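Next come the chains, spelled out residue by residue.
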Amino acid sequence: MRRRLAGAFLPALSAFAPTAQLKRKMSAMAVTVGTHSGTFQADEALGVWLLRQLPQYATAPLTRSRDQATLDALTIVIDVGGTYDHGKLRYDHHQRGFFETIDGKVGEAKGPEGATGRFKTKLSASGLVYKHYGREIIKILHPGLEKNALEWCYGQHYKTFMEALDAIDNGIEIAPETLYSDGSSLPARVHRLNRPWNAPPDVEQNDENARFEGAVMLCGIEFGDALAHTITVEWPARALVQKALSDCGQVDASLKIIALESGGCPWRTHLYELEKEAGVGDRTKFVLYPDGKGLWRVQAVTVEGTLFQNRLSLPEPWRGLRGEKLDEVAGISGCGFCHATGFIGGHKTREGALAMARKALQ
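Residue positions within a chain follow its written sequence, with the count starting from 1. In keeping with the predicted nature of the model, local features appear solely for residues at pLDDT of at least 70, side-chain atom pairs appear and are counted solely at 80 or more, and the whole-chain, interface and lining totals rest on all residues. No hydrogens and no water enter the side-chain calculation; it runs on all heavy atoms of the structure.

## Overview of the overall build of the protein
Applicable threshold: Working definition: helices are DSSP H or I runs of at least four residues, strands are E runs of at least two. Numbering for both runs from the N terminus. Each residue's exposure class comes from its accessible area (1.4 Å probe, protein chains only) as a fraction of the maximum for that residue type: buried when under 20%, exposed when over 50%, partly exposed otherwise. In this description, contact between two residues means that some pair of their heavy atoms is separated by no more than 4.5 Å.
Across its full length, the protein holds 13 helices and 10 strands. Across its three principal axes, the protein shows a C-alpha extent of roughly 75 × 50 × 35 Å. Each of the 362 residues in the protein was classed as buried or not, and the buried ones make up 48%. Sequence-distant contacts in the protein: of pairs separated by 6 or more residues, those separated by 24 or more amount to 66%.

## With respect to the sheet that holds strand β4 (residues 84-85)
What links the strands of a sheet is backbone hydrogen bonding, and the strands pair in either a parallel or an antiparallel sense. The following threshold applies: For two strands to pair, DSSP has to find at least two bridges joining them.
One open sheet accounts for five strands, arranged β2-β1-β3-β5-β4; its pairing is mixed. Either end of the sheet is taken by a strand with one partner, and the two such strands are β2 (62-64) and β4. Bridge analysis of β4 against strand β5 (residues 90-91) gives two bridges, and the strand direction is antiparallel. Its bridge partner being in β5, Y84 is matched across the sheet by Y91.

## Side note on the nonpolar core
If you look at soluble globular proteins, the nonpolar side chains tend to sit buried side by side. Rule in force here: Among the buried residues, those of types Ala, Val, Leu, Ile, Met, Phe, Trp, Tyr and Cys that are joined through side-chain atoms within 4.5 Å form a nonpolar core.
Of all hydrophobic cores here, the largest spans 50 residues; its most connected members are L46, L51, Y133 and F223. Going through the elements one at a time, α3 (42-52), β3 (76-78), α5 (125-141), α6 (147-169), α7 (186-191) and α8 (205-234) are the ones with two or more residues in this core. Broken down by element, this core gets its largest block of residues, nine residues, from α6. Aside from chain neighbours lying at most four places away, what touches Y133 is L51, L54, I76, H86, L89 and Y91.

## Some details on the side chain of E44
We apply this condition: Only four residue types enter the charge count, namely Lys and Arg as positive and Asp and Glu as negative; His and the chain termini do not. The term salt bridge refers to a pairing of a side-chain nitrogen on Lys or Arg with a carboxyl oxygen on Asp or Glu at a separation within 4 Å.
Tracing the chain through its elements places E44 in helix α3. For the buried E44, which has no salt bridge, the nearest side chain bearing the opposite charge is R64, at an N-O separation of 5.5 Å.

## Notes on the sheet that holds strand β8 (residues 296-300)
Heads up, the rule is: Angles here are taken between N-to-C directions and fall from 0 to 180 degrees, while the axes themselves are lines fitted to C-alpha atoms, restricted in helices to the stretch in contact.
With mixed pairing, five strands are arranged side by side in an open sheet as β6-β7-β8-β10-β9. Either end of the sheet is taken by a strand with one partner, and the two such strands are β6 (257-259) and β9 (335-338). Going across the sheet, the axis of each strand differs from the next one's by a mean of 20 degrees, ignoring polarity. Sheet topology places β8 next to strand β10 (residues 344-347); four bridges connect them, and they run antiparallel. Each residue of the ladder has a partner; that of W296, found in β10, is H347.

## Some remarks on the side chain of D252
What counts is decided by this rule: A 3.5 Å cut-off defines polar contacts: any pair of N or O atoms within that distance qualifies, except that in protein one atom must be a possible hydrogen donor and the other a possible acceptor, and neighbouring residues in sequence count only when both atoms are side-chain atoms.
Structurally, D252 is set in the loop between α10 (248-251) and β6. On the basis of relative accessibility, which here comes to 11%, the residue D252 falls in the buried class. There is a polar contact of 2.5 Å between the side chain of D252 and the side chain of S254. Here D252 is in contact with I257, R358 and L361, once residues within four sequence places are set aside.

## Comments concerning helix α12 (residues 323-330)
What counts, and what does not: The arc in question is formed by the directions pointing from the helix axis toward the C-beta atoms.
Of all the positions in α12, only L326, D327 and A330 are classed as buried. For α12, the arc enclosing every buried residue in end-on projection is 105 degrees, short of the 170-degree limit, so these residues lie on one face. In α12, the exposed residues that point more than 90 degrees away from the buried face are E324 and E328. Looking one or two residues beyond α12, the residue adopting positive phi is G331, at roughly 75 degrees.

## Topic: the confidence of the model for the protein
Formally: Along the chain, pLDDT gives the predictor's confidence residue by residue, from 0 to 100.
Residues at a pLDDT of 70 or more form 92% of the protein, whose mean pLDDT is 92. In this model residues 1-15 is a low-confidence stretch, pLDDT under 50, and it forms 31 contacts with partners more than four residues away in sequence or in other chains.

## Some remarks on the pattern of salt bridges
A side chain with one charge can pair with a side chain of the opposite charge if their charged atoms come near. Counted by the stated rule, this structure contains 11 salt bridges. The shortest N-O distance in the salt bridge between E222 and R189 comes to 3.1 Å. Taken together, the positions of E222 in helix α8 and R189 in helix α7 put the pair 33 residues apart, joining distant regions of the chain. For E222, a relative accessible area of 24% corresponds to the partly exposed category. By relative accessible area, which is 26% here, R189 ends up partly exposed.

## Topic: the pairing of β9
A regular strand places its side chains on the two faces of the sheet in alternate fashion. The pairing of β9 with β10 spans three bridges and is antiparallel. Among the inter-strand pairings, C335 is bridged to a residue of β10, identified as H347. Taken together, β9 and the strand that follows it, β10, pair antiparallel across an intervening segment of five residues, in which G342 is found at a positive phi of about 80 degrees.

## Regarding the state of the cysteines
Defined as follows: Pairs of cysteine sulfur atoms within 2.5 Å are identified as disulfides in what follows.
Scanning the entire structure with this criterion turns up zero disulfides. Of the cysteine sulfurs around C248, a residue in no disulfide, the closest is that of C265, at 16 Å.

## Considerations on the packing of aromatic side chains
Heads up, the condition is: Ring geometry is summarised as follows: Phe, Tyr and Trp rings, the Trp one being its six-membered ring, pair when their centres sit within 6.5 Å, and such pairs are stacked at plane angles under 30 degrees, edge-to-face over 60 and tilted between the two.
With the rule as written, the count across this model stands at 11 aromatic pairs. With a centroid separation of 5.0 Å and an interplanar angle of 85 degrees, the aromatic rings of F119 and Y158 are classed as edge-to-face. Pair noted here: F119 is in the loop between β5 and α5 and Y158 is in helix α6, with a separation of 39 residues, a long-range link. Residue F119 is classed as buried on the basis of its relative accessible area, which comes to 5%.

Shown next, in the form of structure tokens:
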């Protein structure tokens with residue numbers, strides 16, 4: 001698995017690397033970074049923060065402009081200019097005909113249906129920066145990360161953090177029909193840092209730039225926190241989930257129940273990936289684990305790509321019941337509770353939680 005993961009996010013980018021002539025030009029002149037002026041979004045704010053993690057741009061002055069002559073004089077420009085050319089350090093995504101994905105071969109796809117990698121979401125400017133410099137940035141922020149971990153974390157961080165920013169900036173809905181609005185997202189919070197329409201006009205450009213720098217800082221904090229979680233919390237759990245999946249036959253003959261001895265272990269993403277690697281489809285229906293509060297949990301596995309749709313839920317007659325009432329209905333002594341939606345339940349013992357899972361399979 002690790003060998004396959006190590007190559008999963010390695011598009012052929014070497015042919016598009018900055019030319020030797022451009023590198024000499026960069027070393028001979030003051031290095032500068034550019035993006036557009038005016039209303040800003042999380043996309044370019046994060047892109048600027050990412051570039052500043054690289055030694056060559058860490059102290060580079062930032063120019064915010066829409067004047068093409070001004071932009072042409074800058075070393076690297078993102079989210080403006082109408083050009084994507086890694087060799088020339090130009091990373092815009094607004095131009096007609098542009099379509100690139102995080103793991104796709106550069107220049108081959110014209111739309112999602114032609115995407116050559118696993119991901120189908122069109123990149124924004126920060127997505128382009130992450131595509132070309134993401135691994136290097138991760139290694140700078142977490143220098144002790146070994147290669148296989150780097151590849152998995154690079155892909156996982158894109159999936160759980162970066163992809164949504166790409167989609168939102170490119171106007172891609174999360175679903176055909178949404179049931180509610182979320183104003184707490186990073187793009188929404190960055191948007192609120194712009195000057196309100198009914199506030200006094202800026203006295204000078206520096207006022208707008210100061211607000212933009214606040215957005216850059218906010219995006220950097222969010223990126224860093226999410227990445228640290230992926231590396232220090234999610235990645236170490238992989239070996240535990242792999243062992244649990246391998247040992248599922250010792251838990252139950254159906255092979256549909258796995259047991260984790262550590263509560264709070266993030267298992268979903270690993271389970272989906274490891275099931276695919278093992279070629280067992282969506283076999284696992286329930287996961288057992290201790291909650292650290294005296295109960296063993298039995299949790300339904302959700303359908304991949306959903307938050308609340310279970311492969312198999314706990315029985316409907318159990319839902320919303322607790323204690324002795326649940327014992328009576330389930331026919332299992334020592335039950336703690338069953339959630340009203342049937343996605344999780346609890347028992348005083350591991351054996352009891354296993355009994356609940358087995359009965360739910362019937």
